[in-house]
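Next come the chains, spelled out residue by residue.
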Amino acid sequence: MIDTAALRAEQIEKAKAVIKQDNQGFDEPKWIAGADVGFEQDGKITRAAIAVLSYPSLELVEYRVARVPTSLPYIPGLLSFREYPALMAAWSQLTTVPQLVLVDGQGIAHPRRLGVASHFGLLIDVPTIGVAKSRLCGKYDESGLQDGAAVPLVDKDEQIGWVWNSKARCKPLYVSVGHRVSQESALLWVERCMRGYRLPEPTRWADAIASRRPAFVRWLAAHPEKNVDEG
């Protein structure tokens with residue numbers, strides 16, 4: 001039986017270690033990664049894809065995909081425990097170590113301030129940012145949300161992130177601190193990683209790799225020497 005109370009207590013304790021200020025140790029990253037997690041075989045397998053892009057060109061230079069047996073069933077609010085083993089498996093395969101990671105998921109925009117971007121950031125001790133496609137908690141002023149605008153996401157009188165219309169006529173993104181970045185820098189770096197799509201390039205590429213979308217298939221055809229076995 002899974003001790004969910006113990007896992008929630010662990011989240012609260014780990015959240016205390018999250019650094020919510022700029023602590024990157026670099027003036028400008030050379031490599032920025034995107035991370036995406038999904039599930040296969042009716043949830044029995046957890047799949048993580050990590051894409052490493054050069055900056056500022058935002059060109060894909062390396063990718064890794066890891067598949068591991070799922071160790072935890074879906075439990076609301078505890079998703080990071082389910083996702084981080086595959087992320088760590090993919091991370092361990094990288095030969096290019098990024099200085100910043102954008103994770104498809106929540107950072108501190110979580111009821112206990114420890115979404116997957118924060119959990120993963122603590123484990124790898126690299127600056128991370130959560131870029132989620134849906135809201136987990138918090139409220140924001142929808143009237144202030146116009147194309148190109150960002151408004152604070154607030155929970156219990158604490159700003160836990162930003163809600164940002166990254167592309168006209170698309171649903172907003174929920175950007176939050178993962179680890180070792182400030183609120184302002186989290187939004188700034190997501191903005192710097194945009195190339196006209198709803199998602200920033202690092203997580204857009206991670207999703208493309210995980211789902212083998214046409215853009216990734218074309219990239220593989222053009223860079224056959226960078227094709228790697230997916231474990």
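So, how was this worked out
- Residues numbered from 1 in each chain as written.
- Predicted model: local features only at pLDDT ≥ 70, side-chain atom pairs only at ≥ 80, totals over all residues.
- Heavy atoms only, no water.
- UniProt positions renumbered as here; feature names shortened; annotations may be inferred.
- Helix = DSSP H or I, 4+ residues; strand = E, 2+ residues; numbered from the N terminus.
- Buried < 20%, exposed > 50% of the residue type's maximum accessible area, 1.4 Å probe, protein only.
- Contact = heavy atoms within 4.5 Å.
- Core = buried A, V, L, I, M, F, W, Y, C linked by side-chain atoms within 4.5 Å.
- Salt bridge = Lys/Arg side-chain N within 4 Å of Asp/Glu carboxyl O.
- Pairing = 2+ DSSP bridges.
- Phe/Tyr/Trp six-rings, centres within 6.5 Å; stacked < 30°, edge-to-face > 60°.

A.B. asks: Outline the UniProt feature "binding site: Mg(2+)" (unreviewed entry) in the protein chain, supporting the account with residue identities and numerical values.
C.D. replies: In the numbering adopted here, UniProt assigns the feature "binding site: Mg(2+)" (unreviewed entry) to Asp36 and Asp104. Of the residues just listed, which span 69 residues, no C-alpha pair is farther apart than 5.3 Å, and they cluster in one region. With respect to the secondary-structure elements, Asp36 resides in strand β1 (residues 31-40). Exposure remark for Asp36: the relative accessible area of 7% places this residue in the buried category. What Asp36 contacts, discounting residues up to four positions off in sequence, is Arg47, Ala48, Ala49, Asp104, Ala206, Asp207 and Ala210. As for its placement among the helices and strands, Asp104 is situated in the loop between β4 (100-103) and α3 (116-124). In this structure Asp104 touches Ala35, Asp36, Val116, Val131, Lys133 and Thr203, once residues within four positions along its chain are discounted.

A.B. asks: Which residues make up the nonpolar core, and what are the values?
C.D. replies: Among the nonpolar cores identified, the biggest contains 39 residues, and Ile129 and Phe216 are the most heavily contacted of them. Here the element with the most residues in this core is helix α5 (residues 201-211); it accounts for five residues. Judged by nonpolar contacts, the second largest core, of 20 residues, contains Val52, Val116, Ala117 and Val126.

A.B. asks: Before we move on, can you summarise the pattern of salt bridges with the specific residues and values?
C.D. replies: In total, this model carries twelve salt bridges according to the counting rule given. Here Lys14 makes a salt bridge to Glu10, at a shortest N to O gap of 3.6 Å. You can see Lys14 and its partner Glu10 sitting in helix α1 (residues 4-15), four residues apart, about one turn around the helix. Take Glu10: its relative accessible area is 33%, and that puts it in the partly exposed class. A salt bridge links Asp207 to Arg213, with the nearest nitrogen and oxygen atoms 2.6 Å apart. Under the relative-accessibility criterion, Arg213 is labelled partly exposed at 39%. Counted as one network, the salt bridges with shared partners bring together Lys20, Arg113, Asp155 and Glu158.

A.B. asks: Go over the pairing of β1, please, and point to the residues and values.
C.D. replies: The buried count for β1 comes to seven of ten residues, which makes it a mostly enclosed element. Two strands pair when backbone bridges link them, and β1 and strand β2 (residues 45-54) are joined in this way by ten bridges, in the antiparallel orientation. By the bridge assignment, Trp31 is partnered in β2 with Ser54. Adjacent in sequence and paired antiparallel, β1 and β2 are bridged by four residues, among which Gln41 carries a positive phi angle near 55 degrees. Strand direction decides the pairing type here: β1 and β4, joined by four bridges, are parallel.

A.B. asks: Run through helix α4 (residues 183-192), naming residues and quoting values.
C.D. replies: Listing the buried residues of α4 in full gives Gln183, Ser185, Ala186, Leu187, Trp189 and Val190. Residues of α4 that are buried in the fold lie against β1, β4, β5 (128-132), β6 (150-155), β7 (158-164) and β8 (173-179).

A.B. asks: Summarise the packing of aromatic side chains; cite the residues concerned and give the values.
C.D. replies: As enumerated under the stated definition, the model contains six aromatic pairs in all. Here the aromatic rings of Tyr55 and Trp189 are separated by 5.3 Å at their centres, their planes lie at 70 degrees, and the arrangement is edge-to-face. Residue Tyr55 is found in the loop between β2 and β3 (60-69), and its partner Trp189 is found in helix α4; the two are separated by 134 residues along the sequence. Exposure remark for Tyr55: the relative accessible area of 15% places this residue in the buried category. When its relative accessible area of 4% is taken as the criterion, Trp189 is described as buried. Each ring, one from Tyr63 and one from Phe216, has its centre 4.9 Å from the other, and the planes form 80 degrees; the classification is edge-to-face. Within this pair, whereas Tyr63 is found in strand β3, its partner Phe216 is found in helix α6 (residues 214-222), the two being separated by 153 residues in sequence. Exposure class is identical for Tyr63 and Phe216. Each is buried.

A.B. asks: For unusual backbone geometry, give the residues involved together with the corresponding values.
C.D. replies: With an omega of 15 degrees, the peptide bond running from Tyr55 to Pro56 counts as cis. Here Pro56 lies in the loop between β2 and β3. Unlike most non-glycine residues, Asp42 shows phi in positive territory, near 55 degrees. Even without being glycine, Lys156 reaches a positive phi, approximately 55 degrees. Positionally, Lys156 belongs in the loop between β6 and β7. Residue Lys156 is classed as exposed on the basis of its relative accessible area of 70%.

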